[in-house]
Structure formats: C-alpha cells, structure tokens
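Inside the fold
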Amino acid sequence: MKAIGKALLLIGATSDIGRATALVYAEAGWDIHLVGRRRELVQREADDIVTRTGAAVTAHELDILDIDRFEAFLSTVSPLPDTAVCVVGELGEQARAERELEHAAMVMRTNFEGPALMLGLLASRFAARGSGTIVGISSVAGDRGRGSNYVYGAAKAGLTAFLSGLRNRLSTAGVRVLTIKPGFVRTRMTDGMKLPPVLTAAPAEVAQRIFAVADGSKGGDVVYVRRIWYPLMAIIRSIPEPIFKRLRL
Amino acid sequence: MEGWGRYPRHESEVLVCRLPETLSGTVSSRAGLIARGNGRSYGDAAIGEHLTLTCGALSRMKSFDEMNASLTVEGGVMLSDILRSFIPRGYFPPVVPGTKFVTIGGMIASDVHGKNHHRDGGFGEHVSEIKLVVAGGEIVTCSRAKNSELFLATLGGMGLTGVVAEATFTLRPITTGWIVQKTVVTENLADTLKALKQTDDATYSVAWIDCLSRGASLGRSLIFVGEHASPSDIAQMPKAAQFPPSKAARLSLPVDLPGSALNRASVSAFNDLYYRLGARKAARASLVHWDSYFFPLDGLLEWNRLYGKRGFLQHQCVVPDENALAVLSSMLDRFARSGKASFLAVLKRLRGGAGLLSFPAPGYTLALDLPVAPDVFQLLDEIDKLVVAAGGRLYLAKDARQSRHTFEAGYPRLQAFKEVRRTTGADRHFSSQLGKRLGI
Ligand SMILES: Cc1cc2nc3c(=O)[nH]c(=O)nc-3n(C[C@H](O)[C@H](O)[C@H](O)COP(=O)(O)OP(=O)(O)OC[C@H]3O[C@@H](n4cnc5c(N)ncnc54)[C@H](O)[C@@H]3O)c2cc1C
Ligand SMILES: NC(=O)c1ccc[n+]([C@@H]2O[C@H](COP(=O)([O-])OP(=O)(O)OC[C@H]3O[C@@H](n4cnc5c(N)ncnc54)[C@H](OP(=O)(O)O)[C@@H]3O)[C@@H](O)[C@H]2O)c1
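Scope of this entry: the structure provided in the associated data block. Throughout this description, residue numbers start from 1 for each chain and increase along the sequence as written. Working convention: letters from A go to chains and numbers from 1 go to ligands, in the order in which they are written. The model is predicted, so local features are restricted to residues of pLDDT at least 70 and side-chain atom pairs to those at 80 or more, both for listing and for counting; the totals for chains, interfaces and linings are taken over all residues. Derived side-chain values reflect all non-hydrogen atoms in the structure, with water molecules and hydrogen atoms excluded from consideration.

Another aspect to go through is the overall build of chain A. Summing up its helical and strand segments, chain A has nine helices and nine strands in all. Rg of the C-alpha trace for chain A: 18 Å, near the compact-globule value of 18 Å for 249 residues, within the 12% margin. By principal-axis analysis of the C-alpha atoms, chain A measures approximately 55 × 40 × 35 Å. Throughout, exposure labels follow a simple rule: accessible area from a 1.4 Å probe, protein chains only, divided by the maximum for the residue type, with under 20% read as buried, over 50% as exposed, and the rest as partly exposed. Looking at the 249 residues of chain A, the share that counts as buried comes to 51%. We call two residues contacting when some pair of their heavy atoms lies within 4.5 Å. Considering only contacts in chain A between residues 6 or more positions apart, those separated by 24 or more positions represent 70%. With an accessible surface of roughly 11400 Å², chain A has 57% of that area assigned to carbon and sulfur atoms. Numbered from the N terminus, helices here are DSSP runs of H or I no shorter than four residues, and strands are runs of E no shorter than two. For a compact globule the rule gives 2.2 Å times the number of residues to the power 0.38, and the radius of gyration it is set against comes from C-alpha atoms. Only the protein chains shown count as covering a residue, and every accessible area follows the Shrake-Rupley method with a 1.4 Å probe.

So, on to the site of ligand 1. Residues and elements named next belong to chain B. Proximity is defined per residue: if any heavy atom of the residue lies within 4 Å of a molecule or strand, that residue is considered near it. Taken together, 33 residues lie near ligand 1, and A35, R40, S41, T103 and Y395 sit nearest. Definition of a polar contact: a pair of N or O atoms within 3.5 Å, with one able to donate and the other able to accept a hydrogen when the atoms are protein atoms, and with sequence-neighbouring residues admitted only if both atoms are side-chain atoms. In the environment of ligand 1, an oxygen atom lies 2.7 Å from a nitrogen or oxygen atom belonging to the backbone of R40. Here H113 contributes a backbone N or O atom positioned 2.8 Å from a nitrogen atom of ligand 1. Of all the secondary structure elements, the ones that give two or more residues to the shell around ligand 1 are strand 2 (33-36), helix 3 (104-109) and strand 9 (163-170). Residues are grouped as follows: nonpolar covers Ala, Val, Leu, Ile, Met, Phe, Trp, Tyr, Cys and Pro; charged covers Asp, Glu, Lys and Arg; every other residue, Gly included, is treated as polar. Broken down by class, the residue content of the shell around ligand 1 amounts to 16 nonpolar, 13 polar and four charged.

Residues and elements named next belong to chain B. Taken in spatial order, the three strands make up an open sheet running 1-3-2, and their pairing is parallel. A single partner strand is all that each edge strand has here, and the edge strands are strand 1 (13-16) and strand 2. In this sheet, adjacent strand axes meet at a mean angle of 25 degrees when their direction is disregarded. Relative to strand 3 (residues 51-54), strand 2 runs parallel, the two sharing four bridges. What sits directly across from A35, in strand 3, is L53. For two strands to be treated as a pair, DSSP must find no fewer than two bridges joining them. Axis lines are fitted to C-alpha atoms, over the contacting stretch for helices. Their N-to-C directions set the angle, which ranges from 0 to 180 degrees.

Strands in a sheet are paired, the pairing made by backbone hydrogen bonds, and the direction either parallel or antiparallel. All names here are of chain A. Across the sheet, seven strands lie side by side as 3-2-1-4-5-6-9; this open sheet has parallel pairing. The sheet is open, and its two borders are formed by strand 3 (57-61) and strand 9 (222-224), each paired with just one other strand. In this sheet, adjacent strand axes meet at a mean angle of 20 degrees when their direction is disregarded. Here strand 1 (residues 7-11) runs beside strand 4 (residues 83-86); their pairing, made up of four bridges, is parallel. Bridge pairing in strand 4 links L10 to V85. In this fold helix 5 (residues 101-129) packs onto strand 1, strand 4, strand 5 (132-137) and strand 6 (175-181), with an angle of close to 170 degrees to the strand it touches most, strand 5.

Turning our eyes to something else, we now look at the packing of aromatic side chains. Pairing of aromatic side chains requires ring centres within 6.5 Å, counting the rings of Phe and Tyr and the six-membered ring of Trp. Pairs whose planes differ by under 30 degrees are stacked, by over 60 edge-to-face, and all others tilted. On inspection of all chains with the given rule, the structure shows 21 aromatic pairs over all chains. An angle of 80 degrees between the planes, with centres 4.8 Å apart, marks the rings of Y224(A) and Y230(A) as edge-to-face. Residue classification places Y224(A) among the buried residues on the basis of a relative accessible area of 4%. Using a relative accessible area of 34% as the deciding quantity, one classes Y230(A) as partly exposed. Taken together, a centroid distance of 6.5 Å and an interplanar angle of 75 degrees make the contact between F86(B) and Y91(B) edge-to-face. The exposure class assigned to F86(B) is buried, which follows from its relative accessible area of 1%. Residue Y91(B) is classed as buried on the basis of its relative accessible area, which comes to 13%. In this structure an aromatic cluster arises from ring pairing among F92(B), Y204(B), W290(B), Y293(B), F294(B) and F295(B).

For the rest of this paragraph, the subject is the interface of chain A and chain B. Note: interface size is frequently given as the accessible area lost on complex formation between the parts. Each partner contributes residues to the interface: chain A has 14 residues there, and chain B has 19 residues. Among the residues chain A hides against chain B, the three largest losses belong to R44(A), T51(A) and R52(A). Together they make up 51% of the total. Whenever a carboxyl oxygen of Asp or Glu lies within 4 Å of a side-chain nitrogen of Lys or Arg, that contact is scored as a salt bridge. In this structure, the connection of chain A to chain B is made through six salt bridges. E45(A) is the salt-bridge partner of R60(B), the closest N and O atoms lying 2.8 Å from each other. Our count for the contact surface shared by chain A and chain B stands at 13 residue pairs in polar contact (both at pLDDT 80 or more). Counting residues per element, the ones that place at least two in the side of chain A that touches chain B are helix 1 (16-27) and helix 2 (39-53) of chain A. For the side of chain A that touches chain B, the leading source of residues is helix 2 of chain A, giving eight residues. Across the side of chain A that touches chain B, the residue classes tally to one nonpolar, three polar and 10 charged. Joining two parts hides part of their accessible area as seen by a 1.4 Å probe, and the buried area is that hidden amount summed over both.

All names here are of chain A. Here helix 1 crosses helix 7 (residues 203-215) at 50 degrees, and the two axes come no closer than 8 Å. Here helix 7 runs oblique to helix 1, going by the angle between their axes. For helix 1 against helix 7, the interelement crossing comes out right-handed. Here helix 1 contributes D16, I17, A20, T21, V24 and Y25 to the contact with helix 7, which in turn contributes P203, A204, V206, A207, Q208, I210, F211, A214 and D215. Considering only residue class, the contact of helix 1 with helix 7 consists of 11 nonpolar, two polar and two charged. For classification purposes, an angle smaller than 35 degrees is called roughly parallel, one larger than 145 roughly antiparallel, one from 65 to 115 roughly perpendicular, and anything else oblique. Crossing handedness: left-handed means the near helix sits turned counterclockwise from the far one by under a right angle, and right-handed means the same turn made clockwise.

Moving on: the site of ligand 2. Residue and element names in this part refer to chain A. Around ligand 2 lies a shell of 28 residues, among which T14, R37, Y152, V185 and T187 are the nearest. Note that an oxygen atom of ligand 2 is positioned 2.9 Å from one of the backbone N or O atoms of V87. In the model, an oxygen atom of ligand 2 is placed 3.3 Å from a nitrogen or oxygen of the G89 main chain. Protein chains shield 92% of the accessible area of ligand 2, which is 890 Å² for the free molecule. Secondary-structure elements contributing two or more residues to the shell around ligand 2 are helix 1, helix 5, helix 6 (150-170) and strand 7 (184-185). Of the residues contributing to the shell around ligand 2, the split by class is 12 nonpolar, 11 polar and five charged.

With that settled, consider a nonpolar patch on the surface. All names here are of chain A. To count toward a patch, a residue needs a relative accessible area above 30% and no salt bridge. Like charges then connect within 9 Å, nonpolar side chains (Val, Leu, Ile, Met, Phe, Trp, Tyr) within 5 Å. There is a patch of nonpolar side chains on the surface, built from I243, L247 and L249 and spanning about 260 Å² of accessible area. Relative to the assigned elements, L247 resides in the segment after helix 9 (241-244). What makes L247 partly exposed here is its relative accessible area of 33%.

Quick look at the state of the cysteines now. Residues and elements named next belong to chain B. Put simply, a disulfide is two cysteine sulfurs that come within 2.5 Å. Overall, the coordinates contain zero disulfides over all chains when judged by the stated rule. Cysteine C317 shares no disulfide, and the gap to the nearest cysteine sulfur, in C211, comes to 12 Å. A residue is classified by how much of its surface remains accessible, and C317, at 0% relative accessible area, is buried.

Residues and elements named next belong to chain B. Only protein atoms enter the calculation, which uses a 1 Å grid: trapped sets of points that fit a 1.4 Å probe without letting it out are cavities, open sets showing protein on both sides within 12 Å along at least five of seven lines are pockets, and any residue with an atom within 4 Å of a point is a lining residue. Grid points are joined across faces, edges and corners, and a volume is the space filled by probe spheres set on the points. Enumeration over the complete set of coordinates arrives at two cavities of 30 Å³ or more. Every residue lining the largest cavity is listed: L313, Q314, H315, Q316, L380, L394, Y395, K398, D399, A400 and R401. Here the lining of the largest cavity takes four residues from strand 15 (residues 312-319), the largest share from any one element. Of the residues contributing to the lining of the largest cavity, the split by class is five nonpolar, three polar and three charged. Taken as a whole, the second largest cavity spans an internal volume of roughly 40 Å³. What lines the second largest cavity is simply A109, S110, G156, M158, L357, S358, F359, Y395, L396 and Y411.

Keep in mind these numbers describe shape, not what the thing actually does.
What follows is the structure, encoded as structure tokens:
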C-alpha cells in the first residue's frame, strides 16, 4: 500500500471495532497511531496492522480515565493527526450499576467523560490548525433511556450531545465532527448475547462506514451504520413517555 | 459440537481463548482438552474429550520478513486473511487446502496438502518454527533444529501435542492473482492415473472423477492443471485486475436440504463440462481467478447443509502407486454399485509427508462424500479393507468413523508419535474425540 501522507489517531485500539477501523485506514495508505490502556496489547495490534498492510503504525499507552495525562499524551503524537477516532466504551452491568456507585461512575466516565474530553481537546487543536475530522462512537442506547441499560445509555447520550455541540461550535472552523451509532455489533462487548441478525453489523462493516463518512465520499454528521436504524429509532424516539415508561424494550 | 460433516455430535465444554497471554494458564488448568480452529475438519478431530478450546481470537499477524518471504502469525489467523493481505503484495501461501476458511493452527495440525503436493509437499514442509503450548502450559519453541521430534509430531499431529500459539512459514512470490488452467479429458482410470503422473511437473494438478461411469469408462475424469499466471498471460486485462480481491461469498443456506441435492448439482455440472471439453479434445488454456481455482466451494457458504441434518462423511484415502490402478478401480466400482457416494470424486497425486502422523504418502489420494445413512458404515468398512490391503491410509482431518485397526495399519510412525506424547505429558492432557476413538 502506498503511504498517502495522512495520519489517523485511533483511541481504543484493542476493541474489535477499533482494530477493524485502523485496518481500513491502513489499507487506504494512512499512517496509524494506536492508543490503548495496555502497551503490550496495543503493540500486538500495531504488529498485526503493520504485517497485514505494511503501513507505518505507532503504539501508545493511555487510560481514558486519566485525564491529567491527556495534554502530555497529545504532545507525543506528532504531527497532529488528520482524523481522530475514539471507540473507547464500556457496557458495564446495569444491575450492578444500580447497586454500586463506583461501577456506575466508571461506566459514565468511560463512555462520556474520557472520550468527550479527549475529543474536545483534539477538536480545539484541529480548529487551531484549521482542519481535521473528529469521530466519536456513541450508541442507539443514547437515543432514549431504557430500564435495561440507562447508565450506559445516559453516558452515550451525553457523548452525543457533546459531539453535537462541538460540531455546532466548529462548523465554520474547518473541523468535521461525526457521531457514529453502530447499532448492534458482533464484538467482545456483545459476546454471548442473542442479537437480531438484520440489526447486527460486523466490526468490518462499522469500520467501512466510518471511513466512508469520515474520509471517503459519503457525507453525514450523525450516522447509523445500518440504515434500518434510522426509521427504527425515529419510531422509538416518538413513542410518548407515558407509554414508553411501560414498555420493556 | 460437530465438525464440518455434522457427524458425529458430541457434548463438550467450550472455552474461548481471547488473548495469547491467557493461553498458557487455560491450557494447563484442565486435562482432556483439544484446540479448535475454524471447525473445517469433517469429523471429531476438533472436539475435546472434556473441553474444546477455540483459538479463533488468536488472529493477529506478528511480522513479515520480506527478505525471506517469511510470515509469523498467531495460531488462529485465518488463511482467508493471509490471502487478502498478501495477494495484493505479490505473495501466495505455499500450500492451500480446498477452502480458505481454515486457521493456520488447523493447517499445521492436519499438515494440509494442496493441489501442488506432488511438487511442493504439505503445508508443514514450509513451516520453519512453531511456538507450542504444551501440557504444563510452557511455551516451547520447536523447529527442525530445536525440539525436532516435537516439531515433527506437531505437523499433522491433530492438536494432540499441544496448542499452536504462533507459527512461521514462507510464502511464495507471485506476479499475478490468476491461474493459467488447462484441462485434460481422460477416458478411463488407467488413462487418468497416467495423465496425473504426466502432469507431475505442473505446479498444480487435480482430477475430478465421474463416479457414475462404469465398465470401460470407469474412472473417466477431467484433470485441471494450473500454473500461476505471469503478467504477459494477463496482458489484455486492465492493470487493476492484476491482483484481484477475493470473490464475495454471501449465500448461505437458510435450511437443510435433502441429501441428494448436492449430488444432482455436481453430476450435471460434471457431465456438462465433460462433454463440452471432450468435444473440443485438447482444451485451450484459460485464465481463472485464484479464488475460483483454489476454493470453488467457498462461494457457497455453509454448503455442508446441502447434505441435510444427518450430516455426511468424507472418505479420503491414499494408496501407493503400485496398487493404485487395481485398488482404485475396485473402490470406484464398489462406490458406484452402492449408489451411496457422491457422483464426483477428487483424485490427486501425493508425495511423502513431513510429520509423524501426516496423511500424505507417495501415491494417489481419492476423496468423496457420502450422506450419513445406516448402511454406509459397512460399505466404508469394506472399502477400508481394500485401502489397508493396498498399504494405504485414511486422512484424519476427514475421518469420523475409521476403525483402530485401519488407523494403526496405515500410520507406521504412530509409536514414535505416542512416544512424543508420553515424554511431553500430552498423553494425559490433550484429548479429542478422534484421539479417544482411535486410541492415540
Ligand atoms: C471444503 C473443504 C475442503 C478441504 N480441502 C482440503 C484439502 O484440499 N487438503 C487438505 O489437506 N485438507 C482439506 N480440508 C480439511 C481442512 O483443511 C482441515 O480439516 C483443517 O485442519 C481445518 O482447519 P481448521 O482451522 O478449521 O481446524 P479445525 O477443524 O478446527 O481443527 C482441525 C484439527 O486441527 C487442530 N487445531 C486447530 N487449531 C489448532 C491450534 N491452534 N493448535 C493446535 N491444533 C489445532 C484441532 O485440534 C483438530 O485436530 C478441507 C476441508 C473442507 C471443509
Ligand atoms: N458492540 C456493540 O454492539 C456496540 C453497539 C453500540 C456502540 N458500541 C460502542 O462501540 C465502541 C467499541 O466497542 P466494541 O463493541 O468494539 O467493544 P470492546 O471490544 O469492548 O471495546 C471497548 C474498548 O474500550 C477500551 N477501554 C475501556 N475502558 C478504557 C479505559 N479506561 N481506557 C482506555 N480504553 C478503555 C477497551 O480497552 P481494553 O481492551 O483495554 O479493555 C476496548 O478497546 C464502544 O464505545 C461501544 O460502546 C458498541
């Protein structure tokens, strides 16, 4: 693959969606900076992508909850990448989150606080340069709170709102901000769950869509990976709360 | 759990190995386990006696050394991924089986052969080093120079020496992703065997035998001979087509079909081709996409369901040259008279295999499918007698039913294999349903 002189920063390199995304960019000739919370595991992904594509790949260690390190970390990634994708997330366990504040806080911070602050920081730097694309992975779970996973859902709703604000703020600054809502994806996060096949994407499918929208020919700001989610979530959002509160979805 | 043939079925606990770092601990924690790759072996080889450890998540490539075209990968990496990454860069695996949906661990454990075995040997011959997780959980590096007995036992060892965590092997350079194919039409078995032998210096060759024809035309075949195409062979094609990507395979069967569906399809396809090519006698060379040439069945995902719920057996034997004509004709005759076997069989030339339990041996290998039915087992037992008498053997990766006697008669290096199992503690630790059935 011929290097095209562009760089991707991928935060959450050990996730199935993350590695699939990095691979699509590497195959398109991008340089890749991979980030994850355990160096050995990030290095494993880096070696994999180098071997598969011959791309230039670097491995970085960062815990998304460690916000004090964000500034210092970004100074190690230079030059500033062209596109930054953050796929970090944690489904957690709803029942446990109801009992343990610590667990609920971890889910909130991993899905909202960490990714939002990191992407916000990157967005400001992109704005100073006058170019760049920010991609955040939110979820359909953030479109409406449900009894079965509202702690996770609320954190994703926060991320969706944050990205929407960022997009609004930077719409004239040359910075694009994308919100990706994957729907169900067959990954480690959903391992063992029974998922409806028509609503369930493969990690590679999510990756292709991210690339197409962020750096390919497709446009979009808030994107569901499978089109069927657009009407589905429109219906779910439109159900009046007095009815919705009784549904078990 | 079941294999690709969906027969037999066994209960087994299943554990997914997610990260290489947990492999040692998982392996050493339980006895009676076996590794599983992508489950493309037909019978009971990848079903653990107590525990089946799926290795598909060990799917990362480690490094590629351009100087020697040598690739190092984790044991669960799929052949299809290697093809996808390396064909566009001008490399092809040294040996590929008839499906690309297999893992490197599975290819090593079965020491798989391709259409080039007569020339290039099995996959194992191209493996230079293996990192093997043995009974105690230690990671042992083995090669022809280091722990060579364990290395040779692991090639073709059906997972019974340990779990392949990593392997290094060489790729072959190619200049296009196309195969120049020539087809030879033969009139009978003697003709077919001779023609296959004459194509020994071709890189790839394989025969499709029409199992319906009897009498004077028993064993009539189409022999497909192939060479990697050079850029001049594809001069007419647009530049972008030099290394074509894999052909999309989407179709999978929503339901199980009655057992005869595949036979009907294959027989009419054969007859069609046979008469068309036969009429033209010497067929012209044609250019074939790598995916269609090597993996024609991969276009239809889950084709194993074509045989229906009861599943099917694949019988694959190898018989030495000297007896080949006599034995293969009586086998084909038996199969044809029984009306049980597929109407198409595949015949290839093999040379010796590298591993202690490798299937390949010098001679001809015949493979055909039979839907599971009560009377099929006896038929196959009788066929096996012919194989044993001829000094042949059956392929363990396809086997679901051979007897211990057939197995022991066919694998003279079994004792050496068992000795390696004993000295490494594998005999008390790694156990598959196949191993249990055959007393390995
Ligand atoms: C359509 C089709 C065509 C085929 N054509 C050919 C052919 O032309 N030539 C040929 O030789 N074979 C052929 N095969 C057989 C196939 O190549 C072998 O069965 C191969 O071993 C399957 O690989 P797998 O990853 O699916 O392994 P599995 O079926 O999951 O396992 C097979 C064996 O490998 C062992 N194993 C798997 N992973 C590991 C590991 N990481 N470490 C140690 N042991 C492991 C298992 O214990 C088991 O004994 C064909 C199969 C199909 C379905
Ligand atoms: N799978 C789905 O159905 C689905 C649906 C909608 C949205 N999503 C979203 O898609 C994204 C990717 O998920 P996935 O399905 O690919 O699941 P995954 O494999 O579990 O990915 C989660 C990733 O987040 C990382 N992570 C968690 N906490 C972290 C921390 N404190 N610091 C740094 N990294 C941390 C994990 O790293 P470790 O490997 O170190 O744990 C892992 O790489 C997530 O945001 C998820 O919410 C998934």
